[in-house]
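Geometric and topological summary
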Amino acid sequence: MDNVNYLDHLNSAKHQRNLGMSMKVERSTADQVRKRIEELTRKRKEPVKELNLAERVQSSIDAEEAAKQARKAEKKRRKEEKRKEADAHSEAVPISTLGDANAPDGSTQPDQPLIDVAAFMGFGGFGSSKK
């Protein structure tokens, strides 16, 4: 008896409305019915190709491989695009061109201790090392 009550609840108008379903049925035109019948007869006449297990497994493997290649190519394209964007936005400035902009005499001569420290640390600029 509980199953019948549950099915009555699922099929009730209130439950269907809460699920977002409309309880009104659209009236089909004669043209819509003809098109649907033509579509179904075309579908029935198409030969259904039956694949054996080995062919189905192989086609599944091929589809997975193609999807994998597509994901790999997309990832590579995005990575390349990101790299180009990063290169365009940030240009490395060599340390030797940096000067003391706040020097009292206004000179832009490189600050020698800064260059010595950079050379000691083993890098020649503040730019990204990724290329």
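Residues numbered from 1 in each chain as written. Predicted model: local features only at pLDDT ≥ 70, side-chain atom pairs only at ≥ 80, totals over all residues. Heavy atoms only, no water.

Once that is clear, we can look at the overall build of the chain. Counting secondary structure elements, the chain contains 5 helices and 0 strands. Reading the helices (α) and strands (β) of the chain from amino to carboxyl end gives α-α-α-α-α. Taken across its 131 residues, the chain has 4% of its residues classed as buried. A separation of at least 24 residues holds for 39% of the contacts in the chain among residues at least 6 apart in sequence. Total accessible area computed for the chain in this model is approximately 12,700 Å², and 54% of it derives from carbon and sulfur atoms. (Helix = DSSP H or I, 4+ residues; strand = E, 2+ residues; numbered from the N terminus. Buried < 20%, exposed > 50% of the residue type's maximum accessible area, 1.4 Å probe, protein only. Contact = heavy atoms within 4.5 Å. Areas by Shrake-Rupley, 256 points an atom, 1.4 Å probe, with all protein chains shown as cover.)

Using the criterion set out here, one finds 6 salt bridges in the structure. A salt bridge links Glu39 to Arg36; the shortest N-O distance between them is 3.4 Å. Pair noted here: Glu39 and Arg36 are both in helix α3 (residues 30–45), with a separation of 3 residues, about one helical turn. In this structure, Arg78 and Glu74 form a salt bridge, with 3.5 Å as the shortest nitrogen-oxygen distance. Of this pair, Arg78 and Glu74 are both found in helix α4 (residues 53–89), 4 residues apart, which corresponds to roughly one turn of the helix. Three or more residues are tied together by salt bridges with common partners; here these are Glu74, Arg77, Arg78 and Glu81. (Salt bridge = Lys/Arg side-chain N within 4 Å of Asp/Glu carboxyl O.)

The next subject is the side chain of His15. Relative to the assigned elements, His15 resides in helix α2 (residues 13–18). His15 sits in the buried class, given a relative accessible area of 19%. Ignoring anything within four residues of it in the chain, the contact list for His15 reads His9 and Leu10.

A few words now on a positive patch on the surface. A cluster of basic side chains, namely Lys68, Arg71, Lys72 and Lys76, defines a positive patch on the protein surface. For Lys68, the position within the fold is in helix α4. (Patch = residues over 30% accessible without salt bridge, like charges linked within 9 Å, V, L, I, M, F, W, Y side chains within 5 Å. Lys, Arg positive; Asp, Glu negative; His and termini not counted. Charge placed at Lys NZ, Arg CZ, Asp CG, Glu CD.)

What follows is about the confidence of the model for the chain. For the chain, the mean per-residue pLDDT works out to 79, and 69% of the residues sit at or above 70. Taking the mean pLDDT of every element in the chain, the minimum, 68, falls on helix α5 (residues 112–121) and the maximum, 94, on α3. (pLDDT = per-residue confidence, 0-100.)

Residues Leu53, Val57 and Ile61 make up a contiguous nonpolar surface patch of roughly 280 Å² in combined accessible area. Note on placement: Ile61 falls in helix α4. For Ile61, a relative accessible area of 45% puts it in the partly exposed group.

Attention shifts here to the side chain of Gln16. Along the chain, the position of Gln16 falls in helix α2. Not counting chain neighbours up to four residues away, the residues in contact with Gln16 comprise Leu10, Asn11, Met21 and Met23.

Once that is clear, we can look at the environment of Asn52. For Asn52, the position within the fold is in the loop between α3 and α4. Given the relative accessible area of 43%, Asn52 is considered partly exposed. Polar side-chain contacts of Asn52 include one of 2.8 Å to the backbone nitrogen of Glu55. (Polar contact = N/O pair within 3.5 Å; in protein donor to acceptor, adjacent residues only side chain to side chain.)

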